[in-house]
Amino acid sequence: MNQPYNDLPIGVFDSGVGGLTVLKALRDELPAEKFIYLGDTARLPYGTKSPETITRYALQVAEKLIARHIKLLVIACNTVSSVALEVLRKTCAPVPVIGVVEPGAQAACQASITGQIAVIGTESTIARGAYQQAIHAINPSAYIITKACSLFVSLAEEGWLEGDIVESIASRYLKEMLAEHPGTSPDCLVLGCTHFPLLARAIGHVAGPDVTLVDSAGTTARAIRTILIKRNLATRRSTSGQTYFLATDSASRFARVGTIFLQKTIQPEDVEIVDL
Ligand code: DGL
C-alpha cells in the first residue's frame, strides 16, 4: 500500500558519520518523522576534494536518496552545502533541499556579542567563503576570521575526541588562525563542519571560556520543522519514526563510530551498504 506523501522519510546525508550530529538534532526535534541517512564513507573526506568532485559525489548521493522516495533532503555536510547547494536544489526539485551553512551562520550571529566571529571548517568550506557570505548577509559589520582544520575530520572518524593529541592539534590550528589575524579576539567560534561538534570539549578547552562554540545542528533542525509546517509536509503520525542507515563502505565501522556521533547504538546489521 502506498504511504501518504507526508509520511515519507526525510533524507539526510554527509560524506561520513559527521552528519549524524545533525540527524541527532533532527530526531530530537521531530521524533515522529522517519529518516534515511546516507554516509558516503567509501569516499570520505570530501573537504579536501575539488568543487567538481564534491558536486559529482553529492549529485550521486542525492539521486540515490530521491530514488528511495524522500519528501525533503538535508545536506548534513558544510562542505557540500558550501559547494553544491544550488545545483542540488535545481536537480532535486520539487523536493526541498536544505543546507547547514545558513542555519550555522544564524546561530553564530545570535551567539556573538562583539561581532568578531571565527569559523573553522574543511578546506573547501573555508575556501568557498560560504560562511563569510551567510554571516555578512545577517550582520554586514561582522568581522570574520577563518581556518581550515582538515585533521579534525580524521580525528572524529577515528573516534579520538579528547586528550592531549586532540588538544595539541586544536591548539596549533587556533594559534595559527589568531596569528594570521593579529589583534582579533573572537567571542564566538563556529564549528563549520558536522564532524567538529564531537571534538567540542577539546576545542572549547583550548579556545577558553570567553569563546562560545556554535554549530548548525540545532538551528538546522528548527529550520526544518518550520519548513515542514509551512509546506504542509509534516507527518501526521504520532508514533515515533524510525531511521534507516545507508553507507558506501564498512557497516561495522559506520556502526561503531556512528554510535558515538548519534549517542544511540547502531548495529552493523542496521546499516545497508549501497553503491553509488
Ligand atoms: N562533515 C563534512 C562537513 O560538514 C565534511 C567532512 C569531510 O568529508 O571532509 O563539511
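The following paragraphs examine the structure supplied in this document. (Residues numbered from 1 in each chain as written. Predicted model: local features only at pLDDT ≥ 70, side-chain atom pairs only at ≥ 80, totals over all residues. Heavy atoms only, no water.)

Looking now at the overall build of the chain. Looking only at helices and strands, the chain has 11 helices and 10 strands in total. For 276 residues, the compact-globule estimate of 2.2 N^0.38 gives 19 Å, and the C-alpha radius of gyration of the chain, at 18 Å, lies within 12% of that figure. Over its C-alpha atoms, taken along the principal directions, the chain stretches across nearly 65 × 40 × 35 Å. A burial count over the chain gives 55% of its 276 residues as buried. Across the chain, every contact between residues at least 6 apart in sequence was considered, and the portion connecting residues at least 24 apart equals 78%. Of the roughly 12300 Å² of accessible surface on the chain, a fraction of 52% belongs to carbon and sulfur atoms. Computed over 25 positive and 26 negative side-chain charges, the inter-centroid distance for the chain is 6 Å. (Helix = DSSP H or I, 4+ residues; strand = E, 2+ residues; numbered from the N terminus. Rg over C-alpha atoms; globule rule 2.2 N^0.38 Å. Buried < 20%, exposed > 50% of the residue type's maximum accessible area, 1.4 Å probe, protein only. Contact = heavy atoms within 4.5 Å. Areas by Shrake-Rupley, 256 points an atom, 1.4 Å probe, with all protein chains shown as cover. Lys, Arg positive; Asp, Glu negative; His and termini not counted. Charge placed at Lys NZ, Arg CZ, Asp CG, Glu CD.)

Here we come to the environment of Gly 159. With respect to the element layout, Gly 159 can be found in the loop between helix H7 (151-158) and helix H8 (164-180). Take Gly 159: its relative accessible area is 27%, and that puts it in the partly exposed class. For the pair formed by Gly 159 and Leu 198, sequence separation is 39 residues and the distance between their alpha carbons is 8.7 Å.

Moving on, we get to the site of the ligand. Not every one of the 14 residues close to the ligand is listed here, only the nearest: Ser 15, Tyr 46, Asn 78, Thr 79 and His 195. Take Asp 14: an N or O atom from its side chain is 3.0 Å from a nitrogen atom of the ligand. Within the side chain of His 195, an N or O atom sits 2.7 Å from a nitrogen atom of the ligand. For the ligand, whose free accessible area comes to 300 Å², the fraction covered by protein is 99%. Looking at the shell around the ligand residue by residue, the classes come out as 6 nonpolar, 7 polar and 1 charged. (Near = heavy atom within 4 Å. Polar contact = N/O pair within 3.5 Å; in protein donor to acceptor, adjacent residues only side chain to side chain. Nonpolar A, V, L, I, M, F, W, Y, C, P; charged D, E, K, R; others polar.)

Our focus in this paragraph is the packing of aromatic side chains. Scanning the entire structure with this criterion turns up 5 aromatic pairs. Seen from their ring centres, Phe 152 and Phe 196 are 5.2 Å apart, and the 90° between their planes marks the pair as edge-to-face. You can see Phe 152 sitting in helix H7 and its partner Phe 196 sitting in the loop between strand E7 (188-192) and helix H9 (200-207), a full 44 residues away along the chain. Pairwise contacts between aromatic rings join Tyr 37, Phe 245 and Phe 254 into one cluster. Note that Arg 43 overlies the ring of Tyr 57, its terminal NZ or CZ placed 3.7 Å from the centroid. (Phe/Tyr/Trp six-rings, centres within 6.5 Å; stacked < 30°, edge-to-face > 60°. Lys NZ or Arg CZ within 6 Å of the ring centre and 35° of its normal.)

Turning next to the nonpolar core. Within the largest apolar cluster, 56 residues are counted, with the highest numbers of intra-cluster contacts made by Leu 20, Ile 120 and Phe 152. With 23 residues, the next largest nonpolar core counts Tyr 57, Ile 70, Leu 85 and Leu 88 among its residues. (Core = buried A, V, L, I, M, F, W, Y, C linked by side-chain atoms within 4.5 Å.)

Counted according to the given criterion, the structure contains 12 salt bridges. Its salt-bridge partner being Glu 29, residue Arg 225 comes within 2.8 Å of it at the nearest N-O pair. Of this pair, Arg 225 sits in helix H10 (residues 217-230) while Glu 29 sits in helix H1 (residues 20-29), and the two are 196 residues apart along the sequence. We note a salt bridge from Arg 68 to Glu 272, for which the minimum N-O separation is 2.9 Å. (Salt bridge = Lys/Arg side-chain N within 4 Å of Asp/Glu carboxyl O.)

Next up on the list: H1. Among the residues of H1, Leu 20, Thr 21, Val 22, Leu 23, Ala 25 and Leu 26 are the ones counted as buried. Residues of H1 that are buried in the fold lie against strand E1 (10-14), strand E2 (35-39), strand E3 (72-75), H10, strand E9 (243-247) and helix H11 (251-262).

Right, let's get into the sheet that holds E3. Overall, parallel pairing links the 6 strands, which are arranged E4-E3-E1-E2-E9-E10 in an open sheet. A strand with exactly one partner marks an edge of an open sheet, and here the two such strands are strand E4 (97-98) and strand E10 (271-273). The pairing of E9 with E10 spans 3 bridges and is parallel. If you follow Phe 245 over to E10, its bridge partner there is Val 271. On the sheet, H10 packs against E1, E3 and E4 and is oriented at approximately 165° with respect to E3. (Pairing = 2+ DSSP bridges. Axes fitted to C-alpha atoms, helices over the stretch in contact; angles between N-to-C directions.)

Now for the sheet that holds strand E8 (residues 212-214). Judged by pairing direction, the sheet is parallel, and its 4 strands sit side by side in the order E6-E5-E7-E8 without closing on themselves. Of all strands in the sheet, those bounded by a partner on one side alone are strand E6 (143-148) and E8. Adjacent strand axes in the sheet meet at a mean angle of 20° when their direction is disregarded. By the bridge criterion, 6 bridges tie strand E5 (residues 116-121) to E6 in an arrangement that is parallel. If you follow Ile 120 over to E6, its bridge partner there is Lys 147. The strands touched by helix H6 (residues 130-138) within the sheet are E5, E6 and E7, with E6 carrying the most contacts at an inclination of about 160°.

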